[in-house]
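A look at the structure
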Number of protein chains: 2
Amino acid sequence: MRHFGEHGFERTTIRGIAETAGVSSGLVRHHFGSKEELRKACDDYVLRTVRKLNDETWAAMREGDLGKAAAVRRPSGAYHRYIARSLVDGGASELFDEMVRMSEAWLTAFPREGAESDVPLRDRAAIGTAWGLAIPIMFEHLSRAFGVDLSTPEGDVRLASALLDLYSHPLMSPEEAAAARAGLKGLRHD
Amino acid sequence: MRHFGEHGFERTTIRGIAETAGVSSGLVRHHFGSKEELRKACDDYVLRTVRKLNDETWAAMREGDLGKAAAVRRPSGAYHRYIARSLVDGGASELFDEMVRMSEAWLTAFPREGAESDVPLRDRAAIGTAWGLAIPIMFEHLSRAFGVDLSTPEGDVRLASALLDLYSHPLMSPEEAAAARAGLKGLRHD
DNA sequence: TCACGCACTACACACGTGTGTAGTACGCTG
DNA sequence: CAGCGTACTACACACGTGTGTAGTGCGTGA
């Protein structure tokens with residue numbers, strides 16, 4: 001997964017993986033059958049890991065332990081690059097869909113105040129998922145923009161602060177949104 | 001760019017590009033020198049296009065033409081896949097940084113109400129950029145989740161509606177945010 | 001007319017890489 | 001002890017692909 005994440009699927013060589021693992025290239029093939037099967041094995045692993053993380057977060061939230069809930073998501077950083085690649089290559093459809101379902105569950109469990117929207121729950125969950133994934137996907141770019149390595153403790157706090165700020169303050173006023181919505185209705189698509 | 005976007009840089013072959021273009025593979029090399037130079041040429045083109053789009057959006061906003069401002073961003077859809085790949089491959093740093101600067105300019109020009117945050121403007125601009133890019137990057141996944149092809153007019157309206165909803169309604173109440181912020185301060189990183 | 005540059009093609013080469021095959025050492029089970 | 005499956009290695013092969021080189025036709029300016 002480190003190789004796939006750092007170099008991408010195509011540029012990753014079985015020989016390279018074998019060397020990192022300290023085994024022969026034939027062994028990798030022996031265990032996984034083919035490069036494609038190896039990728040699937042990685043995808044499965046990620047999916048299982050994300051499911052486990054989600055369950056643990058639920059448990060932590062039920063206990064009301066916010067710190068633990070946040071900490072539980074930290075180790076996933078090791079797979080950031082892999083997930084990003086996989087998502088863009090189009091291979092992680094299952095992962096994305098699963099995360100959308102998770103988001104739906106979260107939105108249902110913690111409904112937002114004054115929410116009486118005609119926007120489908122699933123639509124909001126989908127965009128929320130995409131926004132959430134945007135952070136690991138563009139991790140290096142964000143680190144550069146922030147001027148801090150976001151994987152460090154201080155970077156993590158900076159990121160979390162910014163996210164909290166954005167999550168708790170609407171970017172548009174209700175009037176602006178209404179105006180935009182009105183403009184949307186009258187929009188021509190030609 | 002279509003080839004790079006659809007198959008990724010590594011899987012894209014000069015011969016394939018040449019065939020699509022109806023010329024010989026040597027010609028591609030003759031004009032661009034190497035595959036890497038060809039990629040740079042594409043990156044430059046995207047950067048110029050994004051700059052132009054940004055300028056046009058400013059102009060439309062100055063005229064108060066919201067519909068035009070929205071319409072102007074539509075044609076960029078052709079480069080969705082290319083930009084997504086490029087961003088994840090790490091090659092589009094310049095593009096990302098430029099977009100962060102653009103976001104900063106937008107946030108400065110249209111400040112949000114009651115904004116008295118200690119979160120740096122650049123941090124918010126960076127995350128805003130990542131969120132914005134998340135849509136084209138995960139376009140196929142979002143389309144699947146929405147159940148509509150988001151590149152169609154109806155899909156576009158669905159997407160815009162959901163975005164407006166999320167932009168105009170905070171996901172967290174001030175109290176929740178304060179609690180989380182407090183939890184953040186006491187968080188251990190070990 | 002002639003020379004020159006340019007767009008363009010055809011072809012060959014070197015190399016990396018996935019994959020297939022044969023073979024070895026080792027532990028387990030009857 | 002014999003048989004057998006398993007983890008593992010070494011090696012060769014076929015193939016795709018970037019790149020280099022030589023060559024052709026054509027438009028243009030002196």
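Residues numbered from 1 in each chain as written. Chains lettered and ligands numbered in written order. Predicted model: local features only at pLDDT ≥ 70, side-chain atom pairs only at ≥ 80, totals over all residues.

1. Remarks on the overall build of chain A
The condition is simple: Helix and strand assignments follow DSSP, with helices taken as H or I runs no shorter than four residues and strands as E runs no shorter than two, numbered in order from the N terminus. Partly exposed residues are those whose C-beta has more than 12 but fewer than 20 other C-beta atoms within 10 Å; 20 or more makes a residue buried and 12 or fewer makes it exposed, with C-beta atoms placed from the backbone. Residue pairs are scored as contacts if the distance between their C-beta atoms, which are placed from the backbone, is within 7 Å.
Helix and strand counts for chain A come out as 11 helices and 0 strands. Order of helices (α) and strands (β) in chain A, N terminus to C terminus: α-α-α-α-α-α-α-α-α-α-α. Taken along its principal axes, the extent of the C-alpha atoms in chain A is 65 × 50 × 35 Å. Every one of the 190 residues in chain A was classed for burial, and the buried ones make up 26%. Across chain A, the fraction of contacts at a sequence separation of at least 24, relative to all contacts at a separation of at least 6, is 47%.

2. What about the protein's contact with DNA strand C?
In plain terms, the rule: The C-beta atom of each residue is placed using the backbone, and any residue whose C-beta lies within 6 Å of a molecule or strand is treated as near it. Under the convention adopted here, Pro, Cys and the residues Ala, Val, Leu, Ile, Met, Phe, Trp and Tyr are nonpolar, Asp, Glu, Lys and Arg are charged, and Gly plus all remaining residues are polar.
Neighbouring DNA strand C are 13 residues; A:Ser34, B:Val23, B:Ser24, B:Gly26 and B:Leu27 lie closest to it. Those elements that provide at least two residues to the surface near DNA strand C are α2 (14-21) and α3 (25-32) of chain A together with α3 (25-32) of chain B. Classifying every residue of the surface near DNA strand C gives 3 nonpolar, 7 polar and 3 charged.

3. Remarks on the relation of the copies chain B and chain A
Short version of the rule: Alignment of copies: least-squares fit on C-alpha atoms of residues with pLDDT of at least 70 in both copies.
Least-squares fitting of chain B to chain A yields an RMSD of 0.0 Å, with the superposition described by an axial translation of 0.0 Å and a rotation of 180°. Here the symmetry operator amounts to a two-fold rotation axis. A share of 100% of the interface residues of chain B reappears at the interface of chain A, consistent with the copies meeting face to face through the same patch.

4. A word on the interface of chain B and chain A
With 65 residues of chain B in contact, the opposing surface of chain A contributes 66 residues. Secondary-structure elements contributing two or more residues to the side of chain B that touches chain A are α5 (66-72), α6 (80-89), α7 (93-109), α8 (121-137), α9 (139-146), α10 (153-168) and α11 (174-185) of chain B. It is α10(B) that contributes the most residues to the side of chain B that touches chain A, 12 residues altogether. Class assignment for the residues of the side of chain B that touches chain A results in 37 nonpolar, 13 polar and 15 charged.

5. Looking at the protein's contact with DNA strand D
Among the 13 residues in the neighbourhood of DNA strand D, the closest are listed as A:Val23, A:Ser24, A:Gly26, A:Leu27 and B:Ser34. Split into classes, the residues belonging to the surface near DNA strand D amount to 3 nonpolar, 7 polar and 3 charged.

6. Some points on α10(B)
Inclusion rule: A helix is expected to span 1.5 Å multiplied by its residue count minus one.
Counted at 1.5 Å a residue, the expected span for α10(B) with its 16 residues is 22 Å, and the 22 Å between its end C-alpha atoms agrees. Within the sequence span of α10(B), burial applies to B:Arg158, B:Leu159, B:Ala162, B:Leu163, B:Leu164, B:Asp165 and B:Leu166. Tucked into the core, α10(B) has its buried residues touching α8 (121-137) and α11 (174-185) of chain A together with α9 of chain B.

7. Let's talk about the packing of α8(A) against α9(B)
Stated precisely, the cut-off is as follows: A fitted line through C-alpha atoms serves as each axis, taken over the contacting stretch for helices, and the angle formed by two N-to-C directions is quoted from 0 to 180°. Any angle from 65 to 115 degrees is called roughly perpendicular, while one under 35 is roughly parallel, one over 145 is roughly antiparallel, and all others are oblique. Definitions for this section: a left-handed crossing has its near helix turned counterclockwise from the far helix by less than a right angle. A right-handed crossing has that turn clockwise.
Remark: α8(A) packs on α9(B), axes separated minimally by 9 Å, with the N-to-C direction vectors making an angle of 160°. As judged from the angle between their axes, α8(A) and α9(B) are roughly antiparallel. When the axes of α8(A) and α9(B) are compared, the crossing they make is right-handed. Side by side, α8(A) and α9(B) meet where A:Arg122, A:Asp123, A:Ala126 and A:Ala130 of the first sit next to B:Leu142, B:Ala145 and B:Phe146 of the second. Residues of the contact of α8(A) with α9(B), tallied by class, amount to 5 nonpolar, no polar and 2 charged.

8. Observations concerning the confidence of the model for chain A
Cut-off, in case you're wondering: Confidence scores per residue from the predictor, reported as pLDDT, run from 0 to 100.
The predicted model of chain A averages 87 in pLDDT, with 92% of residues at 70 or higher. Taken element by element, the predicted model of chain A shows its lowest mean pLDDT in helix α5 (residues 66-72) of chain A (71) and its highest in helix α9 (residues 139-146) of chain A (96).

9. Considering the nonpolar core
Which entries qualify depends on this criterion: As used throughout, a nonpolar core is a set of buried Ala, Val, Leu, Ile, Met, Phe, Trp, Tyr and Cys residues joined through C-beta atoms within 7 Å of each other.
Counting residues in each nonpolar core, the largest one holds 68 residues, and the members touching the most others are A:Leu87, A:Ala130, A:Ala134, B:Leu87, B:Ala130 and B:Ala134. Setting aside residues up to four positions removed in sequence, A:Ala130 forms contacts with B:Ala134, B:Ile135, B:Met138 and B:Leu142.

10. Some remarks on the packing of helix α4 (residues 35-62) of chain A against helix α7 (residues 93-109) of chain A
All names here are of chain A. Their axes nearest at 10 Å, the elements α4 and α7 cross at an angle of 10°. Considering their axes alone, α4 and α7 lie roughly parallel with respect to each other. In this structure, α4 contributes Val46, Leu47, Val50 and Asn54 to the contact, and α7 contributes Glu94, Leu95, Glu98, Met99 and Met102. Its residues assigned to classes, the contact of α4 with α7 shows 6 nonpolar, 1 polar and 2 charged.

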